[in-house]
There are 2 protein chains.
Amino acid sequence: MTGELATLPDIEPSLLEITRTQDPKTPPPPSSLVFGHTFTDHMLAVPWHILEGWGAPKIQPYGPLSLPPSATVFHYAHCLFEGLKAYRDTSGKVTLFRPDMNMKRMNTTAERIAMPTFNGEAMVELLKQLVRLDKHWIPDQPGYSLYIRPTMIGTQSALGVAPPKEALLFVICSPVGPYYPQGFKPIALYGTTEYTRASPGGIGAYKLGANYAAGIAAQRAAAAKGYVQNLWLHGPEHYITEVGTMNAFVVFKHSDGTTELVTPPLDGIILPGVTRDSVLALARAHAAGTAPVPGLTDRLVVSERPVTMGEVKEAARTGTLVEFFGAGTAAVISPVDRIGYLGEDLRIPTGPDGMGPVSRPLWKYLTGIQTGSIAHPWSVVV
Amino acid sequence: MTGELATLPDIEPSLLEITRTQDPKTPPPPSSLVFGHTFTDHMLAVPWHILEGWGAPKIQPYGPLSLPPSATVFHYAHCLFEGLKAYRDTSGKVTLFRPDMNMKRMNTTAERIAMPTFNGEAMVELLKQLVRLDKHWIPDQPGYSLYIRPTMIGTQSALGVAPPKEALLFVICSPVGPYYPQGFKPIALYGTTEYTRASPGGIGAYKLGANYAAGIAAQRAAAAKGYVQNLWLHGPEHYITEVGTMNAFVVFKHSDGTTELVTPPLDGIILPGVTRDSVLALARAHAAGTAPVPGLTDRLVVSERPVTMGEVKEAARTGTLVEFFGAGTAAVISPVDRIGYLGEDLRIPTGPDGMGPVSRPLWKYLTGIQTGSIAHPWSVVV
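Sequence positions are assigned chain by chain, starting from 1 and proceeding in written order. Whichever chain is written first becomes A and whichever ligand is written first becomes 1, with later ones labelled in order. Side-chain atom pairs in this predicted model are given and counted only at pLDDT of 80 or more, local residue features only at pLDDT of at least 70, and totals for whole chains, interfaces and linings cover all residues. Calculated side-chain values reflect all of the structure's heavy atoms, with hydrogen atoms and water omitted.

1. A few points about the domain arrangement of chain A
Residue and element names in this part refer to chain A.
So, point 1. Assigned domains of chain A: these are domain 1 (3-176) and domain 2 (187-371).
So, point 2. Domain delimitation in this document rests on an assignment produced automatically or drawn from a domain database. Just the C-alpha atoms count here: the centres of domain 1 and domain 2 sit 29 Å apart.
So, point 3. Contacts between the two partners involve 20 residues from domain 1 and, on the opposite side, 20 residues from domain 2.
So, point 4. For any pair of parts, buried area is found by adding up, for both, the accessible area (1.4 Å probe) each one loses once the two are put together. Summed over both partners, the interface of domain 1 with domain 2 comes to about 1,800 Å²; 64% of that surface belongs to carbon and sulfur atoms.
So, point 5. On the domain 1 side of the interface with domain 2, the three residues burying the most area are Phe-97, Arg-105 and Arg-112, jointly 34% of the side's total.
So, point 6. Only one rule defines a salt bridge in this text: a Lys or Arg side-chain nitrogen within 4 Å of an Asp or Glu carboxyl oxygen. Put simply, domain 1 and domain 2 have one salt bridge between them. Only heavy atoms matter for contacts: two residues are in contact if any of them lie within 4.5 Å across the pair.

So this is what it looks like as structure tokens:
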């Protein structure tokens, strides 16, 4: 925050008040979990007021929010969120994966719609406290984790299209199972030309609720045509931007023997995904020889550059398309085997296990870090 | 709604349950009213469930909503709204202005984000019931009215980017004063080239909360530069699209002696405003000679066509720019006297009372209809 607001209190973990539930629930059997349907016993809440700054953080029993019907979140979509996971490794240690990245992005997003920003390190400390209290909700089985959902909403009770004068930052947690319980299942995408996700000068680079409500019609239209997700394109050139709610990656084989891993650049219409950043960083460290990823080709080139559907289509035709995948927190890597585009279906190669030669070793390495079998500074002990 | 959902119950006014407040408030003095800060004694609420359709409508005391922190409105911006006004004429009769238009647009908006639609006529009937109960909240002074805010939110308690399975349609009412209590005050606009409001394939044509959160940063940037509102432009041609949260109108004088009233066409990035439609209809009826608007030139041409900042700038230079104004429910007509554009300020003509030769008679006629001094089928008696 700038100017006079800078003197108002920031989020302060030492002020945390914890009220434990009097009615702890029994976590359901892991096999029964459906994403985002089950929540743990506690939630974190931090109120903000334009004249008072951030109030004392509270961990309290999970329960309903009471808001006036005039609260701005109901009218002008003053809402934004993050998603990250807590993992339990085989020794029982609980870790968060790159929580600083999520808090940094949450602040960037808040700033985009004139909502309050905060000390990200303080929030990571509070996330740890919340996860410590509810860590028995992380199922003790491979592939399971605790999905953490920090959310910020405008709670001002007066209508008027303006920055809200009151807000609430809250965090809820949901135990989740593996995204692909029966092994990888490549998905079919519909290259959407009727709808756009974002445009220059808009909000596509921010994790705002507004991007998600706006995307549902396109997802529904893709499903009606028999595809699992939609592939968001941009401009008359049909630049590839995102896959449903994931970042997009394409792999090409070139005549000089190199394999190129491509993802669109962060030009203002692409969400700066934490998984996207992690995939790029691991691939680049491998390409530079500083941290080899076992099983990955040693002729790897990593590119952040625009890529069009035309290029993908031509590569599919000539046999130089190696793979196409989405990357995001929920699924980590989501391989694609088919793209519906302008009335025809492009077939995308996948291996017998559903993955490809670049995504498979990257996925193994990245999930190894996340689940603690590979030591890495990205893993933050709770 | 289509398919099997068509057999589920729609909104049914005969099922209305009314619970009157036990603690009626005293309406504050009209002069103390600030837009959207005061609400009446009652609200209307209609729940929806994907398996049960619309439930029984309830009019109940104005009060907080209790929602789980996982409700989709907090995460994915499942929110949309309308705004219309109830007026009391000099004889005491209370009317709504074109409520059918608002209910039609609310359904179009709901459909765009896969939220439930409903019988608009049934909702108009329920709006009348609500206004009848709280009509003593309409201040008995010229220029005052009751602002009615129908709102729909996604209330499903499970996360997941998908059409919500539960929703709530609610309506709250706020007594409001004249937008310009001291007479018309033309506003200065900042022609925004850093931000965009909407793009083809997006959600600009719908009254979604998502459009409003996304617009606040641009409004704040305009204010920081000394302008009251921002003027939304589109594309490298800088097509004029909207004025803050209003539709845009420009008036040109042509060498053949005609005066052209122009507004951008409904091409998918413009909100189909009720005031926009009313201004166009009145101006066209005048131009056709079927319903003359007193004081308006008889050489009027009415156009829905694209108009660029280049055209406005050239007209300002050659003296053929007659006026520029915004049109919306809150202010009805909002004249503009200055536009900051690419580093220079364009001066826009305004008359001694702040209005121009086209907007003044149209505003008089339109507000005459709204307040009951001119009989018109657009006025619907409560």
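2. Brief notes about helix H6 (residues 309-318) of chain B
All names here are of chain B.
So, point 1. Of all the positions in H6, only Met-309, Val-312 and Ala-315 are classed as buried. Viewed end-on, H6 has its buried residues packed into an arc of 130 degrees, placing them on one side of the element.
So, point 2. Helical segments are the DSSP runs of H or I of at least four residues, strand segments are the runs of E of at least two, and each set is numbered from the N terminus. Here the buried face of H6 lies against strand E12 (229-234), strand E13 (239-243), strand E14 (246-253), strand E17 (321-328), strand E18 (332-341) and strand E19 (344-347).
So, point 3. Looking one or two residues beyond H6, the residue adopting positive phi is Gly-319, at roughly 80 degrees. The buried label goes to any residue with under 20% of its type's maximum accessible area, the exposed label to any with over 50%, and the partly exposed label to all in between, with areas taken from a 1.4 Å probe on protein chains only. The directions considered for the arc run from the helix axis to the C-beta atoms.

3. Structural notes on the interface of chain A and chain B
So, point 1. Across the contact, 55 residues belong to chain A and 55 residues belong to chain B.
So, point 2. Summed over the shared surface of chain A and chain B, the result is two salt bridges.
So, point 3. Across the pair Arg-220 of chain A and Glu-111 of chain B runs a salt bridge whose closest N-O atoms are separated by 3.3 Å.
So, point 4. For the purposes of these results, a polar contact is taken to be a pair of N or O atoms within 3.5 Å, where, inside protein, one atom must be able to donate a hydrogen and its partner to accept one; residues adjacent in sequence count only when each atom of the pair is a side-chain atom. Where chain A touches chain B, the interface holds 21 residue pairs in polar contact (both at pLDDT 80 or more).
So, point 5. At the level of elements, strand E5 (65-67), helix H1 (72-76), strand E6 (79-81), helix H2 (99-112), strand E9 (145-154), strand E10 (166-176) and helix H4 (209-224) of chain A are the ones that each hand at least two residues to the side of chain A that touches chain B.
So, point 6. It is H4 of chain A that provides the largest number of residues to the side of chain A that touches chain B, a total of eight residues.
So, point 7. Should DSSP find at least two bridges between two strands, the strands are regarded as paired. Pairing between E5 of chain A and strand E5 (residues 65-67) of chain B: three bridges, direction antiparallel. By the bridge assignment, Leu-65 of chain A is partnered in E5 of chain B with Leu-67 of chain B.

4. Points about the packing of helix H5 (residues 274-288) of chain B against helix H7 (residues 359-370) of chain B
Residue and element names in this part refer to chain B.
So, point 1. Axis lines are fitted to C-alpha atoms, over the contacting stretch for helices. Their N-to-C directions set the angle, which ranges from 0 to 180 degrees. Running from N to C, H5 and H7 cross one another at 110 degrees; their axes reach a closest spacing of 11 Å. The angle between H5 and H7 falls in the class roughly perpendicular. Of the two possible hands of crossing, H5 and H7 adopt the one that is right-handed. Taking contact as the criterion, the partners of Thr-275, Ser-278, Val-279, Leu-282 and Ala-283 in H5 are, on H7, Leu-362, Tyr-365, Leu-366 and Ile-369.
So, point 2. Residue composition of the contact of H5 with H7, grouped by class: seven nonpolar, two polar and no charged. Note that the term roughly parallel is reserved for angles under 35 degrees, roughly antiparallel for angles over 145, roughly perpendicular for angles of 65 to 115, and oblique for everything else. Crossings are sorted by hand: turned counterclockwise from the far helix by less than a right angle, the near helix makes the crossing left-handed, and turned clockwise it makes it right-handed. Gly is put with the polar residues, along with every residue not named as nonpolar or charged; the nonpolar set is Ala, Val, Leu, Ile, Met, Phe, Trp, Tyr, Cys and Pro, and the charged set is Asp, Glu, Lys and Arg.

5. Section: the relation of the copies chain A and chain B
So, point 1. The superposition of copies rests on a least-squares fit of C-alpha positions from residues with pLDDT of 70 or more in both. For the pair chain A and chain B, the relating rotation is 180 degrees, the translation along its axis is 0.0 Å, and the fit reaches an RMSD of 0.0 Å. On this basis, the relationship between the two copies can be described by a two-fold rotation axis.
So, point 2. Taken as a fraction of all interface residues of chain A, those also at the interface in chain B reach 100%, which identifies the copy contact as same-surface.

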